[in-house]
Amino acid sequence: RHSLSLLSLHATIFACNMQIQKKTKKMTRTFSVDVAAACRTQRCPILVDFHGYGYNHALEKQWTKLIDYLREGQADFILVTPDGSGDAVMSDRFSGPDDSTEYQGWNVLGWERQLPALAKLRNINKYDCDGQEDAYCLPRALGQYPCYKSQQEIDPSACKLPNNSETEKQAGSSEHDSDTVKSATCASMSAQDDASFIAQALRAVVRKYNADTSRIYFFGQSMGGMASIQFADPQWMPEDTLPAAIIACSAGAARSKTLRLAGTVPALILHGVHDSTVPATPLAGYLLSGLLATKASSVIEALKLVQLTVESKRLSGLALDGEDISGMNAMLWSDALTGGEIFARTLDSNLESDIGCRNKHLERTAISSDGFLYDPLRRTLAGVAGLDFVNMSSLDWKPPRSVPKSAQRSMLCAHVPRTLTHVEVCIFDGTHCLPWQSPNCDWTETSANGKVFHDFVWKHFLRNGTIRRQGRHTGL
């Protein structure tokens, strides 16, 4: 069941919050709905904005400024901003609150699985990869995220942090509040059924606003980007609420997690070249998190020699802060644009052992600054495109012509060939943020307070909301 309360009326949009209550779990889930005025008299598309870990619907709207895009009359759509799972376990109430807003996220792409951290072997950078084929975090990752009530219900020991100096040190230095009970496994998210919640929320919105279910779009950054990808998979989402297109930024899957959309959903995949939270490639993870600091300088020198052989035209037209990119920046860009391929042999021949572990495709994983092992961008792209392999080196990278010239200088995009539908990938100058944002994830002057990005998504990729999902119902 759901309840609806009207909160405010703006000049161009209606805004309200809706709640879904699951009878079996006695838990209320909330999502925000903002409706363009034109949608009162015409059927409009739905844009679902999945927030990243630690956010909620209010913070997400304030950050992405998609709500401002509606208010200014730039587009006509229904903006749905749901709250993620909020059952983090607090030390003073071990059963956990129903609506924690500080530790909300999404049960997506393997991060809820209760797997132990990789066992460290004698070599400081070597782990028991063969003995733990599915584990996706290093020991230092334990204690950085809270445990969740849904995890505790699966296994009571999930909320008991192992007693060793390394995890205790990490837990003590966590950026999260000390009143949370830390996860004892690699599980960094709730195990709730978020897909069912999203489906119920979308059905409620369609019924109330007569929205067009052939034009549902999923958008998200970080864990929100992971959600936009996973919830586009028919094995998770019912057919009547599947998206017509997805936009995922800074998204990554846990090591050995299968992702395959069969290339049937138009997708825009975005990734920052300086992202250390979800590195685009193994090398980016090594360099940005300092994992190569203990290695011989010959490794870096060998990488630089490879960089010198890169054709300059690969980075032509790209300039940052008015200067051509060079040095380490150029190395990261070349690495990202080739999907890690250009430096793969150098890493294999110069590293005595894997710093992390390979995935089921025998690819090196990208290690985040938090100690989690992600599939590299190339693997995520292959799963979205429905391909066994994407040769990113052969893609025709070009600046996006649909944005102002000042914004073209910090992004390169390419179409992925041999897919059933349009799949586009863009690498941009940035960290774990959205394109045209500062390293602190604030909108820059170039972004025009976010409008450049909004236009790029809505007008360029979504074609002003005209992309439709074929062969599906258009109403409930």
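Just so it is clear, the model here is predicted, and its values are computed rather than measured.

Caption draft 1: Region of interest: the overall build of the protein. Along its length, the protein carries 13 helices and 14 strands. For the protein, buried positions account for 61% of its 476 residues. Here the analysis covers contacts within the protein between residues at least 6 apart in sequence; of these, 69% occur between residues at least 24 apart. Looking at the protein as shown, the accessible area adds up to about 19,200 Å², and 48% of this sits on carbon and sulfur atoms.

Caption draft 2: The arrangement of empty space enclosed by the protein in detail. Counting across every chain of the model gives two cavities of 30 Å³ or more. There is about 80 Å³ of room inside the largest cavity. In terms of lining, the largest cavity is formed by Leu-47, Leu-66, Tyr-69, Phe-77, Phe-219, Phe-453, His-454, Val-457 and Trp-458. Secondary structure elements with two or more residues in the lining of the largest cavity: helix H2 (66-71) and helix H13 (451-461). Among the elements that take part in the lining of the largest cavity, H13 stands out by supplying four residues, more than any other. For the lining of the largest cavity, the per-class residue count stands at eight nonpolar, one polar and no charged.

Caption draft 3: Up close: the pairing of strand S6 (residues 216-221). Of all six residues making up S6, six are buried, and the element is well covered by its neighbours. Both strand S4 (residues 46-50) and S6 contribute to a ladder of five bridges, which runs parallel. When the sheet's bridge partners are listed, Ile-46 is paired in S6 with Ile-216. Where S6 and strand S7 (residues 245-249) come together, five bridges link them in parallel fashion. Looking at the pairing, Gly-220 lines up with Ala-248 of S7. Assessed by its sense of winding, the connection that carries the chain from S6 through helix H6 (residues 223-230) to S7 is right-handed.

Caption draft 4: Here's a closer look at H13. The buried count for H13 comes to eight of eleven residues, which makes it a mostly enclosed element. The complete set of buried residues in H13 reads Val-452, Phe-453, His-454, Asp-455, Phe-456, Val-457, Trp-458 and Phe-461. Of the residues one or two after H13, Arg-463 is the one with positive phi, at around 55°.

Caption draft 5: Representation of the nonpolar core within the structure. Counting 137 residues, the largest nonpolar core has Ile-46, Ile-78, Phe-231 and Leu-270 as its most contacted members. With ten residues, helix H5 (residues 194-209) is the largest single contributor of residues to this core. Grouped together as the second largest cluster of nonpolar side chains are five residues, Val-89, Cys-147, Ala-158 and Val-181 included.

Caption draft 6: Quick look at the pattern of salt bridges. Overall, the coordinates contain twelve salt bridges when judged by the stated rule. The residue Glu-341 makes a salt bridge to Arg-378 at a minimum N-O spacing of 4.0 Å. With Glu-341 in the loop between helix H9 (327-337) and helix H10 (344-350) and Arg-378 in helix H11 (residues 377-385), the pair connects residues that are 37 residues apart, well separated along the chain. We classify Glu-341 as partly exposed; its relative accessible area is 36%. Residue Arg-378 is classed as buried on the basis of its relative accessible area, which comes to 15%. Between Asp-455 and Lys-459 there is a salt bridge, with its nearest N and O atoms 3.6 Å apart. Linking Asp-455 with Lys-459, this pair stays in helix H13, spanning four residues, or about one helical turn. The class for Asp-455 is buried, based on a relative accessible area of 17%. The structure contains a network of salt bridges with shared partners spanning Asp-212, Arg-215 and Arg-468.

Thresholds, definitions, all that
- Residues numbered from 1 in each chain as written.
- Predicted model: local features only at pLDDT ≥ 70, side-chain atom pairs only at ≥ 80, totals over all residues.
- Heavy atoms only, no water.
- Helix = DSSP H or I, 4+ residues; strand = E, 2+ residues; numbered from the N terminus.
- Buried < 20%, exposed > 50% of the residue type's maximum accessible area, 1.4 Å probe, protein only.
- Contact = heavy atoms within 4.5 Å.
- Areas by Shrake-Rupley, 256 points an atom, 1.4 Å probe, with all protein chains shown as cover.
- 1 Å grid on protein atoms, 1.4 Å probe; cavity = no way out; pocket = protein on both sides within 12 Å on 5 of 7 lines; lining within 4 Å.
- Points joined across faces, edges and corners; volume = space filled by probe spheres on them.
- Nonpolar A, V, L, I, M, F, W, Y, C, P; charged D, E, K, R; others polar.
- Pairing = 2+ DSSP bridges.
- Right-handed = clockwise from strand over helix to strand, strands pointing away.
- Core = buried A, V, L, I, M, F, W, Y, C linked by side-chain atoms within 4.5 Å.
- Salt bridge = Lys/Arg side-chain N within 4 Å of Asp/Glu carboxyl O.

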